[in-house]
Structure formats: structure tokens, C-alpha cells
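Each chain, written out:
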Amino acid sequence: MCKSISEREMGMYERIKTEEEGGVCDGVGNADDLEIAAAKVPTPTSVSLCIVGRSVLAPEHRQKNDSRLVSLDVFRGLSVALMILVDDAGGLIPAINHSPWDGVTLADFVMPFFLFIVGVSLGLAYKKLEDRLVATRKALLRALKLFLLGLFLQGGYFHPLGNLTYGLDVGRIRVMGILQRIAVAYVLAALSEIWLTKHVAVKSKSSMATRYWSQWVMVICLSAIYMLLLYGLTVTDWEYQIPFEASSYQKLYKVKCGVRGDTGPACNVVGMIDRNLLGIHHLYKRPIYSRTKDCSINSPNYGPLPPNAPPWCLAPFDPEGLLSSVMAVVTCLVGLHFGHIIIHFKDHKDRTSHWVIASSCLLLVGLALSFLGMPVNKPLYTLSYMSVTAGAAGLLFTTIYLMVDVIGIRWATKVLEWMGKHALTIYVLAASNLLPIILQGFYWRYPGNNILSLIGIRKS
């Protein structure tokens with residue numbers, strides 16, 4: 001009846017019984033047509049989730065035992081497929097790998113897509129809510145478990161391929177990461193939906209704005225805080241030592257800044273906040289900017305330092321840091337708005353027109369900000385980057401919705417739909433390299449002669 005978190009996050013729908021049919025759901029209100037909106041965050045922990053949401057498909061498109069929003073499954077599966085593609089092929093095809101700093105490539109759309117999907121799912125999941133305190137407790141618990149899972153998978157406990165050791169010094173664990181960022185965005189978006197939604201019946205566009213105006217104030221406030229900190233704080237000089245492992249000698253690097261509003265790799269506020277609040281030992285130790293021309297002779301790939309490389313090239317930097325996660329929350333809130341449109345507008349034309357207009361406006365805002373000098377930058381998660389990627393996510397979701405849920409062309413997306421339904425398992429085993437790490441432990445005579453070497457997979 002209630003789905004576990006291992007099969008949810010980013011919007012799964014499955015028919016559950018109403019009270020009249022003998023169904024119960026942890027005290028959450030029931031109606032004549034109830035669905036479970038299992039929002040699919042990549043985590044294998046088992047947490048009961050049972051939140052009410054009305055079916056989003058027209059009655060004539062429903063099947064008796066299948067009332068899922070298929071387009072959301074397909075979109076989620078496509079995002080997982082893109083993640084695996086850019087992770088495995090990005091080093092061979094620089095055009096799809098993450099941009100070394102400014103600009104966007106295919107890989108730079110994956111994280112915003114997941115955050116957008118989480119937001120859409122929350123809009124569907126919290127359509128009806130009877131006990132805010134209970135919902136808050138469950139949302140906090142889910143976010144905490146997801147955050148801890150991220151620490152386990154991405155904090156450094158599992159070493160890279162080619163290294164048969166595991167475990168880590170907790171004094172140097174990576175605090176933030178992909179799952180940790182999703183957990184932060186998830187809980188803040190969920191709390192906004194639980195506590196900031198007004199009890200106003202939506203009968204028009206104006207009444208919808210009244211119902212959710214507090215959430216848009218939250219979007220404006222988060223964006224303003226981010227911009228004020230990014231461009232208002234002065235980044236002071238800083239230093240770091242390498243190697244971080246125990247060594248008799250550690251070289252000291254000093255980076256001179258003393259600037260304000262810089263969006264380059266060395267002297268940005270995002271890195272300064274993480275170094276001061278998290279500690280430089282707890283950041284990602286293979287920074288994306290080490291692939292820039294200043295730091296790699298093989299740019300845009302990783303490589304040896306060029307002569308006279310700047311001192312910041314080897315400094316840790318977390319692409320999922322604290323300040324950059326503020327704008328990640330905004331992406332999730334944009335997705336939440338798309339979920340609201342599904343709830344309150346039943347006509348396909350109304351839904352798609354709202355989505356296209358909102359997505360186009362976001363794209364135009366992002367491009368305008370870029371033209372005015374704000375770089376489209378994923379590591380910093382700039383406002384321009386958020387606008388461009390959220391707009392792209394909205395347009396792509398609208399396209400998938402039209403193709404799958406409106407026209408009914410499902411045969412062409414069966415594989416992606418399956419991947420979307422099993423996104424958690426695929427993410428943990430493939431995208432997190434857990435399966436390859438396990439497989440490399442089985443070898444013949446010496447560690448290098450393992451299953452991965454036989455099939456040509458050797459990552460460092």
C-alpha cells in the first residue's frame with residue numbers, strides 16, 4: 001500500500017485503496033481517487049512514504065492498474081541514462097563532459113534535471129495534507145537518511161576503481177555531494193510546500209498565485225541572498241597544503257585574492273564559504289577547474305600541470321557546496337511549480353501552455369544574464385545557470401509529456417520508463433560505481449587481473 005523510499009522520489013504514481021475500499025495510509029487524507037506519489041530520491045534505505053496526490057491523467061487515458069505519470073518515469077530514466085553516459089564516456093568525448101568552468105555541456109544538465117523532477121514530484125505528493133507536523137517529521141527523516149547515504153557512497157568510504165582498499169579518515173570525509181544536495185533541496189522544498197501553501201481553492205490563475213505566493217517570495221529571497229553573497233563578500237587570501245594524506249612533507253600553497261564579486265576558480269565566494277564552514281579537508285579533492293587550460297596540458301581533460309600553473313590548481317573545491325546549493329533549491333522549487341500546474345489544470349493544452357511559457361521565460365532570463373556578464377557556471381550554480389537549465393528541464397519535460405501521456409507513444413520510451421522505475425538501483429550500482437568496485441575485488445592471482453580488466457574497465 002505504501003511505497004518504501006527505495007522505490008520513490010521524483011514522482012512515481014501507484015493506485016492505493018481509499019478508506020471506503022479498506023485502505024489506510026498513516027493518517028493521510030483519502031479521497032475517491034487517491035494515488036501514492038512516491039518521489040524518487042536515489043536512496044536504498046527503507047522508509048515508508050504514503051502521501052496523497054490526485055491522478056494527473058485524463059480518465060480516458062487511465063488503465064485499471066496503471067495510473068502512473070509515465071512521462072515523469074521516462075524523464076527520470078533519461079536523466080539516469082545521461083548520468084551514466086557522461087560519467088563513462090565524458091573522458092573520451094569532451095563535448096559531453098562537464099565544462100571545466102564557465103559554460104554548459106550535456107553533463108551539466110543532469111543535476112538540474114534530477115532536482116527539477118524532485119520538485120514536480122513534491123507538488124503531486126503533497127496535494128492533500130492533514131497533519132503538517134507528521135509530514136514535516138517524515139520529510140526531515142527522509143532527507144537525513146538520504147544525506148547519510150550520500151556520505152556513505154560519496155564521502156570517500158569506497159575508494160576509486162583500481163584501489164582495493166576501503167574506509168576513510170572521518171576527519172577528511174567529503175561532507176557535500178550529489179545525494180546530499182538533493183537531500184537539502186528536497187527537505188527545503190517539502191517544508192515550503194507543507195508550511196507556505198495557503199488554503200485557497202484554485203479556480204483561476206490569480207487564485208493559484210494567492211495559494212503559492214509565499215513560495216515565490218522564498219524563491220526571490222534565496223536568489224537575492226545568493227547574489228548578495230556571491231557579489232558582495234570580499235574573498236581574502238587563503239592557503240592550503242598537499243598532500244592531504246599523512247606525509248613527512250607537505251607543500252604549502254598561497255592564493256592571493258582580496259577581491260569582491262570574482263567568479264573565477266581561485267577567488268569566488270562559493271569556495272571561500274566552503275573552506276571556512278566545512279573545512280578544506282572536507283571538500284572534493286579533484287576539482288573541476290583542474291581541467292582548465294591554466295591547470296592541465298590536456299585541457300579540457302585532466303592532465304599534468306603546465307609550467308607556471310597558478311597555485312590554486314590543486315586546491316579542493318566542491319561543486320556541490322553550501323552556497324551553490326541555495327540555487328539548487330530554487331531549481332527544485334521551479335519543478336514544484338510545474339507539479340502544481342498538473343494538480344490544478346486538467347486540460348493538456350492548459351498544462352503545456354503554462355509550462356512552455358514558464359520554461360521559455362527562464363531560458364530568456366538565463367541568456368540575458370549571461371549577456372550582461374553573469375557566467376553560466378555549474379560549479380558556482382549561478383542564477384543564469386539555474387535559469388537556463390531549469391528552462392531546458394521544463395521544455396524537455398513538456399515534450400516527453402506530450403509524446404507519452406498525451407499522444408500515447410510509449411513503445412519508443414519503454415527502456416527509459418523501465419530505468420525511471422528502477423532509478424535507485426541503477427544509480428547505486430552503476431552511477432555510483434558500486435558494482436564495478438565490488439567486481440574488482442574478484443581477481444586471479446594478482447589484483448590487477450580482475451573482471452574489470454577483462455572487459456576493459458579501468459578507472460583511477
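Quick note: structure is the one above.
Summarised in this report is the structure supplied together with it. (Residues numbered from 1 in each chain as written. Predicted model: local features only at pLDDT ≥ 70, side-chain atom pairs only at ≥ 80, totals over all residues. Heavy atoms only, no water.)

With that settled, the discussion passes to the overall build of the protein chain. Of the regular secondary structure elements, the protein chain holds 13 helices and nine strands. Counting the 460 residues in the protein chain, one finds 53% classified as buried. With the model as given, the accessible surface of the protein chain reaches about 20,400 Å², and the carbon-plus-sulfur share is 64%. (Helix = DSSP H or I, 4+ residues; strand = E, 2+ residues; numbered from the N terminus. Buried < 20%, exposed > 50% of the residue type's maximum accessible area, 1.4 Å probe, protein only. Areas by Shrake-Rupley, 256 points an atom, 1.4 Å probe, with all protein chains shown as cover.)

All right, on to the packing of helix 2 (residues 110-125) against helix 9 (residues 383-406) then. Packing of helix 2 against helix 9 leaves a shortest axis separation of 9 Å and a crossing angle of 65°. Here helix 2 runs over helix 9; the crossing is right-handed. Contact with helix 2, carried on its side by Pro-112, Phe-113, Phe-116 and Val-120, involves Tyr-385, Thr-389, Ala-390, Ala-392, Ala-393, Gly-394, Leu-396 and Phe-397 of helix 9 and no other residues of that element. In terms of residue class, the contact of helix 2 with helix 9 is made up of 10 nonpolar, two polar and no charged. (Axes fitted to C-alpha atoms, helices over the stretch in contact; angles between N-to-C directions. Left-handed = near helix turned anticlockwise from the far one by under 90°. Contact = heavy atoms within 4.5 Å. Nonpolar A, V, L, I, M, F, W, Y, C, P; charged D, E, K, R; others polar.)

This paragraph deals with the state of the cysteines. Going through the model one piece at a time under the given rule, you end up with two disulfides. Across the disulfide from Cys-257 sits Cys-267; the S-S distance is 2.1 Å. Where Cys-257 bonds to Cys-267 through sulfur, the torsion about that S-S bond is close to -85°, and the disulfide is left-handed. Of this pair, Cys-257 sits in the loop between strand 8 (251-255) and strand 9 (259-260) while Cys-267 sits in the loop between strand 9 and helix 6 (269-277), placing them 10 residues apart in sequence. Note on Cys-257: relative accessible area 14%, which makes it buried. (Disulfide = S-S within 2.5 Å.)

Let's shift gears to the side chain of Thr-413. One can find Thr-413 in the loop between helix 9 and helix 10 (414-421). Apart from residues lying up to four places away in sequence, Thr-413 is in contact with Val-74, Met-403 and Val-404.

Let us now look at the side chain of Ser-207. Summarising the element assignment, Ser-207 is placed in helix 5 (residues 205-232). According to the relative accessible area criterion, Ser-207 is buried, its value standing at 12%. Every residue in contact with Ser-207, bar those within four places of it in the chain, is listed here: Val-200, Ala-201 and Val-202.

So, about the packing of helix 6 against helix 7 (residues 322-344). It is the contact of helix 6 with helix 7, at a shortest axis distance of 7 Å, that shows an interaxial angle of 120°. If you check the angle between helix 6 and helix 7, you find them oblique. Residues Val-269, Val-270, Ile-273, Asp-274 and Leu-277 of helix 6 touch helix 7, and the partners they reach there are Leu-322, Leu-323 and Ser-324. Taken together, the residues of the contact of helix 6 with helix 7 break down into six nonpolar, one polar and one charged. (Parallel < 35°, antiparallel > 145°, perpendicular 65-115°, else oblique.)

Here the residue pair Ser-299 and Pro-300 is connected by a cis peptide bond, since its omega of 15° sits within 30 degrees of zero. Looking at the element boundaries, Pro-300 is found in the loop between helix 6 and helix 7. Here Asn-308, not a glycine, exhibits a phi torsion of approximately 60°, which is positive. Note on placement: Asn-308 falls in the loop between helix 6 and helix 7. Overall, the relative accessible area of 80% leaves Asn-308 in the exposed class. Even without glycine at this site, Tyr-381 takes up a positive phi of about 50°. For Tyr-381, the location among the structural elements is in the loop between helix 8 (348-371) and helix 9. A residue is classified by how much of its surface remains accessible, and Tyr-381, at 0% relative accessible area, is buried.

Of the two faces of strand 7 (residues 238-242), only one is covered, namely that formed by Trp-238, Tyr-240 and Ile-242; the face formed by Glu-239 and Gln-241 stays uncovered. Relative to strand 8, strand 7 runs antiparallel, the two sharing five bridges. Bridging across to strand 8, Tyr-240 finds its partner in Tyr-253. (Pairing = 2+ DSSP bridges.)

So, about the pattern of salt bridges. Tallied over the full model, the rule gives six salt bridges. With a closest N to O distance of 2.8 Å, Asp-73 and Arg-76 form a salt bridge. Here Asp-73 pairs with Arg-76, and both are found in helix 1 (residues 70-89), just three residues apart, close to one helical turn. This pair shows no difference in class: Asp-73 is buried, exactly as Arg-76 is. Its salt-bridge partner being Glu-417, residue Arg-410 comes within 2.7 Å of it at the nearest N-O pair. When salt bridges that share partners are traced, they join Arg-174, Asp-318, Glu-320 and Lys-378 into one network. (Salt bridge = Lys/Arg side-chain N within 4 Å of Asp/Glu carboxyl O.)

Summed over the entire model, instances satisfying the criterion amount to 17 aromatic pairs. Aromatic pair Phe-75 and Phe-397: ring centres 6.1 Å apart, planes at 25°, arrangement stacked. Placement of the pair is Phe-75 in helix 1 and Phe-397 in helix 9, with a sequence separation of 322 residues. In textbook terms, an aromatic cluster arises when at least three aromatic residues are bridged by ring pairs, as seen for Phe-75, Phe-109, Phe-113, Phe-116, Phe-338, Trp-355, Phe-397 and Tyr-401. Its end group placed over the ring of Trp-238, Arg-275 keeps NZ or CZ at 3.7 Å from the ring centre. Lying across the ring of Tyr-302, Arg-286 places its NZ or CZ 3.9 Å from the centre. (Phe/Tyr/Trp six-rings, centres within 6.5 Å; stacked < 30°, edge-to-face > 60°. Lys NZ or Arg CZ within 6 Å of the ring centre and 35° of its normal.)

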